[in-house]
Amino acid sequence: MTERQQDSGTEPAYGGDSPTIVDSSTAEEQRTEDVTVAEAGGEIRQASLWSDAWRQLRRSPTFLLGAGLFLIFAVMAVAPQLFTNADPRQVIDLGLSADPPTGDAWFGYDIQGRDYFANVVYGARVSMIVGFSSVLGVLLIGVTMGSLAGFYGGWIDSVLARITDVFYGLPLVLGAFLLLSVMQNRGIAQVSLALAIFGWMTAMRLVRGTVVSVKDADYVQAARALGASTWRILTRHILPNAVAPVLVYATITVGLFIAAEATLSFLGFGLQLPEIAWGLQISAGMGRLRDSAHLVFFPSIFLSLMVLSFILMGDALRDALDPKLR
Amino acid sequence: MGRYIARRLLMTIPVLIGATLLIFTIVYALPGDPVRALAGDRPLTPAAQAAIRDEYNLNDPLLIQYLKYLGGLLQGDLGQDFSGRPVSETITQRLPITVRLAVLAVVIEVIIGVIAGVLAGIRRNSYMDNLVLVSTTLVVSIPVFVLAFLAQYVFGLRFGWFPIAGLSEGFRSYILPAFVLAALSLAYVARLTRTSIAENLRQDYVRTAKAKGLKPSVVVGKHTLRNSLIPVVTFVGADLASLMAGAIVTETVFNIPGLGRAVFESVQRQEGFVIVGIVTVFVFFYITFNLVVDILYAVIDPRIRYD
């Protein structure tokens, strides 16, 4: 049974959409994919998809670079004290306001005369938390709605598809921006929630596509014939097929949502002071671009590198988990 | 085909209603009091407040407010902002700026993106291919507003080639923001073209074309490129709409008085009708462009049939 499942797990889950869906490139992709799968069929593989993927990932420079960056930022988020002794909130000397980098203060000082390196290092934490918690929210909404739509079909599918269309009409940053603008306190929880509410649609379609493409497979019917409950069929036999594509999507999305959070904070409708966040630091340094560019430069670099780490890992994961590319 | 279009048109109606209702609910769930915010430091008399509330239907329940708004929308009346200026006037005044910016961005992303994608796709793992892969990854990783600062700093302040904000220098003022706006989509277009070209080069008809002795430039330019651009056309069409909405960040950083900046300002002033009106315009464009692209798709790829 497990072997069967893994076999079908290698089937592309992206193509199962009906032509009514906006993404209309699927029909043609499906055709080429069918051919490729047929050509590759019949081959017996000893290793599972995951151990194969892991073996490839360990040799992938893209993945190693991404994972290395991610580890550094993860440690920075958990224990920023390891990187700096300075207190990010302590004003050292107002006379040092916006001073450029020196040997003592690697990143110089911010407008209030605080050590900027400490500030930038401590900023990693909220970005990580918002990135992971908002994607967790996306997965909760997306997997639930995608499973319902794909498994039950019919009117449930139609209604959920229309709801998805409605939310697709509002771009992530614009939607979250509007929602946050009516909230009085904007903390990590509110920003993550807003991002999840306007960002779940792709996860939903991904899961729905997988569910539709495997729900009539022989092994699913066998499970049903054996009297397995709907819940068991979904969680044990159908949804494991969606793990690979959803994992790739989620990894990249953490990066994109970190960028979205910084954008919202920058616009003044994301996190609020006294939170230490890169978006806020860039926003504060914006007016000093002409004479103190380091205020914008350093948080921007850290922010971009953190986003990059997730995109690199996601790209490498996709290559490793998609057998077509081997 | 006709039936397909009709069905698609019908399907856009619930989406448009749902989207406006969603925006309306968000905006009118405002905990603050827009009337008091309007009055500022000197409080209005209760009678004056009541009159304003009446005029803007603020006393009605949310659903009634929405239905009244929808009724006005169908007659082309988008309401007015708190200084009595019709929202439709704000939109007609600012829309051309955003459209100009978005169209210029699309032109940039198509030209550079397709060229980069073709150069990368015709030879996998070549120097060019890796260059395109690395640079698109980098561009995707840099948030748009950071890219905007980078562009302002390097091309505006350091080299002084372009103005860093405002629209005072005509066409030249649009160049930096358009590049920044296009950057993300440009990376996607390049990657899409690259994958598509590489896939199509393996097809039988390309082998036939080569076997006939055609020049490589003809094989790529005439035979492969045409088929490879189908997914690109789909992407770019839908992207035009998201570029317009994405202009909220770009227009704010570059201080360009388009629709995106108008949304930003009206959110700060809590002008509900303006927000709903402009976002409705964005959603409308999004739905329309997607519809057009889906229909175009059958035209440019005869293998697709909707019946």
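Residues numbered from 1 in each chain as written. Chains lettered and ligands numbered in written order. Predicted model: local features only at pLDDT ≥ 70, side-chain atom pairs only at ≥ 80, totals over all residues. Heavy atoms only, no water.

Within chain B one finds 12 helices and 0 strands. Each helix and strand of chain B, placed in order from N terminus to C terminus, yields the pattern α-α-α-α-α-α-α-α-α-α-α-α. (Helix = DSSP H or I, 4+ residues; strand = E, 2+ residues; numbered from the N terminus.)

What follows is about the UniProt feature "transmembrane region" (unreviewed entry) in chain B. When the UniProt feature table is mapped onto this chain numbering, "transmembrane region" (unreviewed entry) sits at residues 9–30, 97–119, 131–154, 174–193, 232–254 and 274–300 of chain B. Between the end C-alpha atoms of residues 174–193 of chain B the distance is 26 Å, and the span holds 100% helix and 0% strand. (UniProt positions renumbered as here; feature names shortened; annotations may be inferred.)

Let us now look at the domain arrangement of chain B. Residue and element names in this part refer to chain B. Along its sequence, chain B is organised into domain 1 (2–74) and domain 2 (91–300). For domain 1 versus domain 2, the separation of C-alpha centres amounts to 33 Å. The interface is formed by 20 residues belonging to domain 1 together with 14 residues belonging to domain 2. When the buried surface of domain 1 facing domain 2 is broken down by residue, Arg8, Ile23 and Tyr69 rank first, second and third, together holding 29% of it. (Domains from an automatic or database assignment. Contact = heavy atoms within 4.5 Å. Buried area = accessible area lost by both parts, 1.4 Å probe.)

With that settled, consider a nonpolar patch on the surface. All names here are of chain B. A cluster of nonpolar side chains, Val103, Val107, Ile111, Ile112, Ile115, Leu119, Ile122 and Phe179, forms an exposed patch at the surface whose accessible area comes to about 650 Å². Mapped onto the elements of the fold, Ile122 is located in helix α5 (residues 87–122). Ile122 sits in the partly exposed class, given a relative accessible area of 39%. (Patch = residues over 30% accessible without salt bridge, like charges linked within 9 Å, V, L, I, M, F, W, Y side chains within 5 Å. Areas by Shrake-Rupley, 256 points an atom, 1.4 Å probe, with all protein chains shown as cover. Salt bridge = Lys/Arg side-chain N within 4 Å of Asp/Glu carboxyl O. Buried < 20%, exposed > 50% of the residue type's maximum accessible area, 1.4 Å probe, protein only.)

Moving on: the pattern of salt bridges. Summed over all chains, the structure comprises 9 salt bridges over all chains. Note that Arg191 of chain B and Asp315 of chain A form a salt bridge whose closest N and O atoms lie 3.2 Å from each other. A residue pair is termed interchain when its members come from two chains, as with Arg191 of chain B in helix α8 (residues 171–200) and Asp315 of chain A in helix α15 (residues 294–321). Note on Arg191 of chain B: relative accessible area 25%, which makes it partly exposed.

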